[in-house]
Amino acid sequence: MAIHPRNSSTNRFPIFKEIFGDIKKYNILDFGGSSGNLLYFSQGEILENSYTCIDISKEATDSGQSEFPKARFDYYDRYNWMYNHNGNLDLKFPNINKSYDFIWAYSVFSHTDLDEMLKTIKWMISLNPKKIAVSFLDLELALLTYFYNKRIESYGYSIDIRKFCNNDFNTVSLFDSNMLTVNKLKLESYNCDHFVTFYNIDFLKEYFAEQDIYINIITPKNSTVPFLVIDRKDIND
Ligand SMILES: C[S@@+](CC[C@H](N)C(=O)[O-])C[C@H]1O[C@@H](n2cnc3c(N)ncnc32)[C@H](O)[C@@H]1O
């Protein structure tokens, strides 16, 4: 399984700083953090011993652990449509036995279904952090066009997902370039090379509010994608 690339286009630290501010004395959980790109790009602002990464790629967590021996990298063998075909879709969340101030997940729930996103966020809330920020893809024309063009580049053909850019749809999931599901919140396992889900922002807010989870949606100035943000004051306990 692949390690997420590390180059100037995958540096998300400026967005992280914009959302969380001063982070020096805080414990950070980077969910789906691959081999620790966030830690690397922080250039010492995130302290190694305050950083934990959980990822479903063993190659990535092994590589991160040897590069940053004082940080913590936990391998979590959960199924993913694109990243981990041999994993277990019902695997329990890891028991991490540590408290976290800030929880971050960048481009993780862009590659899962909504059910997975909701369950994971409930688990994150149970860790009682000060703030959670997870990126996602919304049904917005520029993003749909970006992925449409990427799929054409890779496959020579793609279902035209640009037409889903309006308020009529709640979720749209694209498997490779030729299979699509719409408004299905929990997906069966289906192995593919590329998998993305787009969400309708108003629907997301309503859906989480039905579960008593009050989310804020922001798009940081350094970001091309929106974030679902939960502050402790908004957590109902
Ligand atoms: C697009 S990459 C982003 C990596 C990293 N967040 C970054 O921005 O550099 C998505 C990552 O999410 C991980 N991932 C996907 N589903 C996951 C899950 N359910 N739990 C933990 N990690 C997951 C993948 O293994 C992959 O490393």
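Every value quoted in this text rests on a predicted model; they were computed, and no experiment measured them.

1. Section: the sheet that holds strand β6 (residues 137-138)
Sheet architecture is open: four strands sit in the order β6-β9-β7-β8, paired in mixed fashion. Every interior strand has two partners, whereas the edge strands, β6 and β8 (179-182), have only one. In this structure, β6 lies alongside strand β9 (residues 195-199), joined through two bridges in parallel fashion. Paired with Leu-137 across the strands is Phe-198, a residue of β9.

2. A short note on the sheet that holds strand β10 (residues 216-218)
Spatially, β3-β2-β1-β4-β5-β11-β10 is the arrangement adopted by the seven strands of the open sheet, whose pairing is mixed. This sheet does not close on itself; its edge strands, each paired only once, are β3 (72-75) and β10. Here the strands of the sheet are splayed against their neighbours by 20 degrees on average, with no regard to which way each runs. As paired elements, strand β1 (residues 28-31) and strand β2 (residues 51-55) share four bridges and run parallel to each other. Bridge pairing in β2 links Ile-28 to Tyr-51.

3. Structural notes on the site of the ligand
Looking at the ligand, there are 22 residues lining it, with Gly-32, Ser-34, Asn-37, Tyr-106 and Ser-107 nearest. Considered class by class, the residues forming the shell around the ligand number eight nonpolar, 11 polar and three charged.

4. Section: the environment of Thr-171
Residue placement: Thr-171 occurs in strand β7 (residues 171-175). Judged by local crowding, Thr-171 falls into the buried class, with 22 C-beta atoms found within 10 Å. Separated by 102 residues in sequence, Thr-171 and Pro-69 place their C-alpha atoms 40 Å apart. When sequence neighbours within four positions are dropped, the list of residues in contact with Thr-171 reads Leu-114, Asn-183, Lys-184, Leu-185, Thr-197, Phe-198 and Tyr-199.

About the cut-offs
Residues numbered from 1 in each chain as written. Predicted model: local features only at pLDDT ≥ 70, side-chain atom pairs only at ≥ 80, totals over all residues. Pairing = 2+ DSSP bridges. Helix = DSSP H or I, 4+ residues; strand = E, 2+ residues; numbered from the N terminus. Axes fitted to C-alpha atoms, helices over the stretch in contact; angles between N-to-C directions. Near = placed C-beta within 6 Å. Nonpolar A, V, L, I, M, F, W, Y, C, P; charged D, E, K, R; others polar. Buried ≥ 20, exposed ≤ 12 C-beta atoms within 10 Å, placed from the backbone. Contact = placed C-beta atoms within 7 Å.

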